[in-house]
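For reference, the chains in residue letters:
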Amino acid sequence: MVITRFAPSPTGYLHIGGLRTALFSWLWARKNGGKFLLRIEDTDLSRNSEDALKAILKAFDWVGLNYDGDVVYQSQRFDVYKDYIAKLLQEGKAYKCYMTKEELDALRAKQEAKGERPRYDGRYRDFCGEPPAGVEPVIRIKAPREGFIEFNDGIKGDIKIAASEVDDFIIARSDGTPTYNFVVAIDDYEMGLTDVIRGDDHLYNTPKQLVVYNALGFKPPKFYHVAMINNEKGKKLSKRDGALDVMEYKKAGYLPEALINFLVRLGWSNGDQEIFSIEEMIELFDPKNINKSASSYNLDKLLWLNAHYIKNSSNEKLVELLKDFGVDLENSDKIDAILNATKQRAKTLVELANEINKILNTPKEYDEKAIKKAFKGEALTIIKDFVELLKSSDSLNSKEDYHEVMQKLVEQKEIGFGKLGQPLRVALLGSMSGPGLDEVMYIIGLDEVEKRVKNIENFLKG
RNA sequence: GGCCCCUUCAUCUAAUGGUUAGGAUUCAUGGUUUUCAUCCAUGCCAUAGGAGUUCGAAUCUCCUAGGGGUCACCA
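Predicted, not measured: the structure shown is a model, and the values here were computed from it.

S.K.: I keep staring at the packing of aromatic side chains and nothing clicks. Help me out?
M.R.: Think of a pair of aromatic rings as described by two things: how far the centres are apart, and how the planes are tilted against each other in angle. On inspection of all chains with the given rule, the structure shows 17 aromatic pairs. Their ring planes at 35° and their centres at 5.8 Å tell us that Phe6 and Phe60 sit as a pair that is tilted. Note that Phe6 is positioned in strand 1 (residues 3-6) and Phe60 in helix 2 (residues 49-63), a separation of 54 residues in sequence. Pair check on accessibility: Phe6 and Phe60 agree, each one buried. Residues Trp268 and Phe276 carry aromatic rings whose centres are separated by 5.3 Å and whose planes lie at 55° to one another, so their mutual orientation is tilted. A single burial state applies to Trp268 and to Phe276, both of which are buried. Members of the aromatic cluster, each reached through a chain of ring pairs, are Phe24, Trp28, Trp268, Phe276 and Phe285. The lysine or arginine in question, Lys160, covers the ring of Phe148, its NZ or CZ lying 4.4 Å from the ring centre.

S.K.: I would appreciate a short explanation of the environment of Met406 in the present structure.
M.R.: With respect to the secondary-structure elements, Met406 resides in helix 16 (residues 399-413). Residue classification places Met406 among the buried positions, given a relative accessible area of 3%. Considering only alpha carbons, one finds Met406 and Asp336, 70 residues apart in sequence, at a separation of 22 Å. Those residues within four positions of Met406 in sequence are excluded, and the remaining contacts are Phe386, Phe417, Leu420, Leu424, Leu437, Asp438 and Met441.

How each quantity is defined
Residue positions are given per chain, counted from 1 along the sequence in the order it is written. Written order determines the labels here, with chains lettered from A and ligands numbered from 1. Whole-chain, interface and lining totals are the exception, using all residues; otherwise, since this is a predicted model, local features are given only for residues with pLDDT of at least 70 and side-chain atom pairs are given and counted only at 80 or more. Side-chain numbers here rest on the full set of heavy atoms in the structure, without hydrogens or water. Only the six-membered ring of Trp is used, alongside the rings of Phe and Tyr, when aromatic pairs are assigned; centres must lie within 6.5 Å, and planes under 30 degrees apart are stacked while those over 60 apart are edge-to-face, with the rest tilted. Only runs of H or I of at least four residues qualify as helices and only runs of E of at least two qualify as strands under DSSP, and these elements are numbered from the N terminus. To sort residues, take the accessible area from a 1.4 Å probe on protein chains only and compare it with the maximum for the residue type: under 20% means buried, over 50% means exposed, and anything in between is partly exposed. Geometrically, a charge over a ring is one whose NZ (Lys) or CZ (Arg) sits within 6 Å of the ring centre while staying within 35 degrees of the ring normal. Should any heavy atoms of two residues lie within 4.5 Å, those residues are counted as being in contact.

Right, here's the structure in full:
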């Protein structure tokens, strides 16, 4: 049984780095028919974990990640941690340290001044004397003083860290609350985790957590440390780089499958394959194929994937999605015509909505260059004649019907298609680009075509 | 600064001692299209640098450089 987890600290939203590690963990659990658990690391009581959890679940829900069992809150497990602390104290594997924060700061400053690595000097490690009055002690765990702490990382291979790098770190603050590295080890053990996939930034926490595992006699899980995601310049991702919050991608018009596909390929690959359905990801994912090096995210590729998924979405699905972007086609009788005309040219749902509005709404203004280029010579007469020809046609029930009329006019007048198409396009859409005119006309209908041609006639006169 | 990790086209990556170093995105060019986009084709572009080991190195070793992480009574 493979059991993985996602264990965010409550920061208020889920960012894309977190989503990627969550995705990796989720995929690995699902692939193996295991469990994916969710735990909120809220030992720091000053943060609101309810809101943070809601934000995370909202994002999970959007991208389609689900978790098993109940959410574990560390803030509700303090009794458990207390028992373990008492046990370690009793067994002499942890001890009370009466050094005050001020003394600790002073020690650190002194060590730094000497160019040494700041670390606790172990002065209370074997203390048996009379404790100083008025000092609430912290609890420190006894870390090995010699040798190495070693483990095998599923991504980076064998990691060996000198014991001198790990001091007797604090497992309980002077107010009695336990600290991060201590509770993580306990929870990961008690939740039965077999595989811990997390960010690279936790690599140095691992030896500390191993000290806890060791002291408690727990068998540690397999660790996988995934390298960070950098921004497009190869630097650390920060709020300045834009959408860190996963839900921002929803607002920007990305499809969840595009974002997930994008993220799974950031640091992981399966040969040359670029497009993965969720089912394929589950089938193919293996952490052994996760890259060791950090990756930069590249908006162009995400955009390309998003365009791909829009193009390949069903029209029914797009109708639903577009509702969030101010376009409601539910009651339209031309859904397929509208979406088939537009979904090829949109990279995001925002763009798709704009494309649709451009067709559906009578243009309020015209592109100046387009006017100049398209309305030379007989252009206005040509499109007016075209409208007359449309009116005399007996059937206009498909884009093909409209196309035939266009064809007929061009032949009658012995002109190139562009002589009709360019001015007509500007009249109908306000600019020189857009979907096929036969499609546009079929969508908006004869009356609207006539109206738009009249509009541009008035515009040109005025 | 100490310690640890990392380094293949601009970007994501493939190639686990033998390939003309492959694919994708971007970009450029051409085709298709009345236009734009799509689509198709073609092209440009990389093993950070230096020493070894080896018949043979992107791949193994060492050094250098660069990037990142971490050194809390935060998580």
